[in-house]
Amino acid sequence: MWSPGADRLDRANLSRFMRFLREETGNADLNSYAPLYRFSVEQPARFWTLVWDFVGIRGSGEREPVLDPGEQMAEARWFPGVSLNFAQNLLRFDDERIAIRWHGAGEDRDTLTYAQLQRRVAALAAALRAEGLDAGDRIVSRLPHTPDALVAMLACASLGAIWFACPPGLSAADEAALMERMSPSRTLAAD
């Protein structure tokens with residue numbers, strides 16, 4: 001059975017996270033999965049606040065309380081006083097590392113760096129804003145699953161618009177019904 005070498009284990013995100021936790025908490029016991037799990041269960045607010053910091057999540061609002069448990073587990077709300085925009089978090093890098101590696105049917109291949117992705121999203125967001133797209137507007141897409149569709153989704157999300165990708169093979173009648181349900185907000189169809 002394969003197991004990773006010491007160097008690979010040392011570079012793993014989980015290992016990096018445990019080092020971060022040891023530094024932040026002063027708890028030297030957080031050096032393997034079992035104590036990490038115990039910490040996450042016994043101190044969930046502290047644990048998830050540290051996950052937030054380690055990952056570098058961007059958001060606005062108050063992080064306290066960390067958890068509003070609700071009456072049942074399905075009603076739990078994490079960081080209920082915080083607003084997030086996942087586009088802001090996904091587009092926070094602006095460098096030459098590969099952000100997207102795409103393989104389509106046949107020979108179709110594409111890669112985008114974080115810098116390229118950020119520029120393409122910004123350009124499309126500016127064009128959509130110029131067309132009057134605003135937070136809360138709804139966008140229904142019939143784009144194939146390509147980097148262009150991801151760029152369009154991130155551009156819409158960066159403006160606070162709601163993005164929905166139609167599933168492949170959706171009938172015209174089902175698409176019309178979907179568009180009707182997306183009202184009353186102004187709806188732009190990306191084709």
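Look above for the structure.
Conventions and cut-offs
- Residues numbered from 1 in each chain as written.
- Predicted model: local features only at pLDDT ≥ 70, side-chain atom pairs only at ≥ 80, totals over all residues.
- Heavy atoms only, no water.
- Axes fitted to C-alpha atoms, helices over the stretch in contact; angles between N-to-C directions.
- Helix = DSSP H or I, 4+ residues; strand = E, 2+ residues; numbered from the N terminus.
- Left-handed = near helix turned anticlockwise from the far one by under 90°.
- Contact = heavy atoms within 4.5 Å.
- Nonpolar A, V, L, I, M, F, W, Y, C, P; charged D, E, K, R; others polar.
- Pairing = 2+ DSSP bridges.
- Expected span 1.5 Å × (residues − 1).
- Buried < 20%, exposed > 50% of the residue type's maximum accessible area, 1.4 Å probe, protein only.

Student: Is there a simple way to explain the packing of helix H2 (residues 13-25) against helix H4 (residues 44-55) in this structure?
Tutor: Axes are the key here: two packed helices are described by the angle between their axes and the distance separating the axes. In the contact formed by H2 and H4, the axes pass within 11 Å of each other and the chain directions differ by 115°. H4 is crossed by H2, and the crossing has right-handed handedness. Together, Asn13, Arg16, Phe17, Phe20, Leu21, Glu24 and Thr25 of H2 and Arg46, Phe47, Leu50, Val51, Asp53 and Phe54 of H4 make up the contact between the two elements. Split into classes, the residues belonging to the contact of H2 with H4 amount to 7 nonpolar, 2 polar and 4 charged.

Student: Help me understand the pairing of strand E5 (residues 98-103) in this model?
Tutor: Residues in a regular strand point their side chains to alternate faces of the sheet. Sheet topology places E5 next to strand E6 (residues 109-113); 5 bridges connect them, and they run antiparallel. Across the sheet, arginine 101 pairs through a bridge with threonine 111, a residue of E6. Adjacent in sequence and paired antiparallel, E5 and E6 are bridged by 5 residues, among which glycine 106 carries a positive phi angle near 65°.

Student: Quick question: what am I supposed to make of H2 here?
Tutor: Helical periodicity: at 3.6 residues per turn, an α-helix aligns residues three or four positions apart in one direction. Look at H2: 18 Å from first C-alpha to last across 13 residues, which is about the 18 Å you get at 1.5 Å a residue. Those residues of H2 that sit buried are Ser15, Phe17, Met18, Phe20 and Leu21. Buried residues along H2 sit in contact with helix H1 (6-11), helix H3 (33-42) and H4. At the C-terminal side of H2, glycine 26 shows a positive phi close to 75°.

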